[in-house]
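Close look at the chain arrangement
Listed below are the residues making up each chain.
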Amino acid sequence: MSPMKILIRFAAIGLLNFVSPASAQSGPLPLEKIKLPAGFSIELWAEVPNARELAVGKNGTVFAGSMSEGKVYAITETDGKRQVRTIAEGLTLPIGVAFKDGALYVSAVNRILRFDDIEGKLDQPGKPVVVSDIYPAEKHHGGKFIAFGPDGLLYAPVGAPCNICEPPPETFALISRMKPDGTGHEVYAQGVRNTVGFDWHPETKELWFTDNGRDWMGDNLPPDELNRAPRKGMHFGYPYCHGSDIPDPKFGAKRDCSKTTPPEAKFEPHVAALGMRFYTGKMFPKEYQNNIFVAEHGSWNRRNKIGYRVKLVRLKNSKVVKQEVFAEGWLENENAWGRPVDVLVMPDGALLVSDDFAGAIYRISYKKP
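Everything numeric in this text was worked out from a predicted model, so none of it was measured.

Moving on, we come to the nonpolar core. Counting 25 residues, the largest nonpolar core has Phe284, Phe293, Phe326, Trp330, Leu351, Tyr362 and Ile364 as its most contacted members. Looking at this core, the element that brings in the most residues is strand S29 (residues 360-366), giving three residues. Once residues within four sequence positions are removed from consideration, Tyr362 is found in contact with Leu29, Leu31, Ile42, Glu43, Leu44, Trp45, Trp330, Trp337, Leu351, Leu352, Val353 and Asp355. Core analysis: the next-biggest nonpolar cluster, separate from the first, contains 18 residues, Ile175, Tyr188, Val192 and Phe198 among them.

Rendered as structure tokens:
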């Protein structure tokens, strides 16, 4: 079988992101190569295999999901020393973690699990409660970033079970929401190919989310997206339209792109925009307040690699006015030693960045030069 056929086969079954963290880097991580704006610094905060989505508990415990490991981790800090615990294992793609009312919620493809009073039971979490098991069991784009909105509801996406197809619109390519006990499930947004990061504007309370564009339309099409969903019932184009006005070669004739919701911003094609958060901390300069940090995981099938960095998206009156690179250096001469996945604003205002390839969580802090 040719290398290209092997690549296509792996893509079809969704294995291309299952890269062993051990293959990323041997020895100390070369963090001195990361470029940041003046006054910012980065450090290795914790070693966490295949770290994906991050969440922070009431007592400051940081939780991390994973993909290839099937584990969920908890990181605590005492007197400047951090301890990494495995609090769950043997799960299927437990990418997503969210914290509410003392409980940790974990996504595992078709299930949402809940570990009650988790910060008081880190050494013996016990068996989780199954909050919901109504989601599809397909693993292709089956990993779920999850988060609680300002309405108190748990939001969970369902990605398209393919690169490009026309799946049942009430089952796939959507963002759903439910009450914390799993009841009241409903579809919030449709036409979303695969979002692996979302957050709510601190002032308007509107939902913003990243979305990964389809593959195999060439190196330069289509763009990844940053979308805004201020209300229920909006359609964001997939599989008919990509970006704001790019009809899909196979399905584009079925829908007028002008009748779908265009993105608020377009990222470069194949950067794999994943986790995103509004910056709400006090440590960084005021100019960062209420702007968006986006983790670009990096391309996997583009001739010249792109992404592998953290972007800053600046807003004014809820409109995107500028994009700029905030942190880069994980990609050197087509070789990557790290791949950012998620970003998390900590109580002290520092920014954590997870890296599933290097098996790391970084801490980015600021001190006035």
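In this section: the pattern of salt bridges. Pairing between side chains of opposite charge can happen when the charged atoms of each approach one another. Applying the stated rule across the entire model yields 24 salt bridges. In this structure, the salt-bridge partner of Glu186 is Lys232, at a minimum N-O distance of 2.8 Å. Taken together, the positions of Glu186 in strand S13 (residues 186-190) and Lys232 in the loop between strand S16 (224-229) and strand S17 (234-235) put the pair 46 residues apart, joining distant regions of the chain. What makes Glu186 partly exposed here is its relative accessible area of 23%. Residue class for Lys232 comes out partly exposed when judged on its relative accessible area of 45%. Among the ionic pairs, Glu206 bridges to Arg228, the shortest N-O distance being 2.9 Å. Taken together, the residues Glu206 in the loop between strand S14 (198-200) and strand S15 (207-211) and Arg228 in strand S16 connect sequence positions 22 residues apart.

So, on to the state of the cysteines. Scanning the model with the defined rule gives two disulfides in all. With its sulfur 1.9 Å from that of its partner, Cys162 forms a disulfide with Cys165. Around the S-S axis, the bridge from Cys162 to Cys165 shows a dihedral of about -75 degrees and counts as left-handed. Classification of Cys162 as buried rests on a relative accessible area of 12%.

Spatially, S21-S22-S23-S24 is the arrangement adopted by the four strands of the open sheet, whose pairing is antiparallel. Bordering the open sheet on either side are strand S21 (273-278) and strand S24 (319-328), each of which pairs with just one other strand. This sheet shows a mean twist of 25 degrees between the axes of neighbouring strands, independent of strand direction. Note: S21 against strand S22 (residues 292-296), four bridges, orientation antiparallel. Residue pairing in the sheet places Phe278 in a bridge with Ile292 of S22.

Moving on, we get to the sheet that holds strand S2 (residues 51-56). The four strands are arranged S2-S3-S4-S5 in an open sheet whose pairing can be described as antiparallel. Every interior strand has two partners, whereas the edge strands, S2 and strand S5 (81-88), have only one. Ignoring which end each strand starts from, the neighbouring axes of this sheet average 25 degrees apart. Pairing of strand S4 (residues 72-78) with S5 involves seven bridges; the strand directions are antiparallel. What sits directly across from Thr76, in S5, is Gln83.

With that settled, the discussion passes to the packing of aromatic side chains. Overall, the coordinates contain 23 aromatic pairs when judged by the stated rule. Residues Phe209 and Phe236 carry aromatic rings whose centres are separated by 5.0 Å and whose planes lie at 85 degrees to one another, so their mutual orientation is edge-to-face. Separated by 27 residues along the polypeptide, Phe209 in strand S15 and Phe236 in the loop between S17 and strand S18 (241-242) bring together distant segments of the chain. The burial state of Phe209 is the same as that of Phe236; both residues are buried. Between Tyr279 and Phe284 the ring centres are 4.4 Å apart and the planes differ by 5 degrees, which places this aromatic pair in the stacked class. Here Phe284 falls in the buried class, since its relative accessible area comes to 4%. Each member of the aromatic cluster is reached from another via a ring pair, and the members are Phe40, Tyr279, Phe284, Tyr288, Phe293, Phe326 and Tyr366. The ring of Phe148 has Lys100 sitting right over it, with the charged end atom 5.5 Å from the ring centre. Its end group placed over the ring of Tyr288, Arg314 keeps NZ or CZ at 5.3 Å from the ring centre.

Basis of the calculations
Residues numbered from 1 in each chain as written. Predicted model: local features only at pLDDT ≥ 70, side-chain atom pairs only at ≥ 80, totals over all residues. Heavy atoms only, no water. Core = buried A, V, L, I, M, F, W, Y, C linked by side-chain atoms within 4.5 Å. Buried < 20%, exposed > 50% of the residue type's maximum accessible area, 1.4 Å probe, protein only. Helix = DSSP H or I, 4+ residues; strand = E, 2+ residues; numbered from the N terminus. Contact = heavy atoms within 4.5 Å. Salt bridge = Lys/Arg side-chain N within 4 Å of Asp/Glu carboxyl O. Disulfide = S-S within 2.5 Å. Pairing = 2+ DSSP bridges. Axes fitted to C-alpha atoms, helices over the stretch in contact; angles between N-to-C directions. Phe/Tyr/Trp six-rings, centres within 6.5 Å; stacked < 30°, edge-to-face > 60°. Lys NZ or Arg CZ within 6 Å of the ring centre and 35° of its normal.

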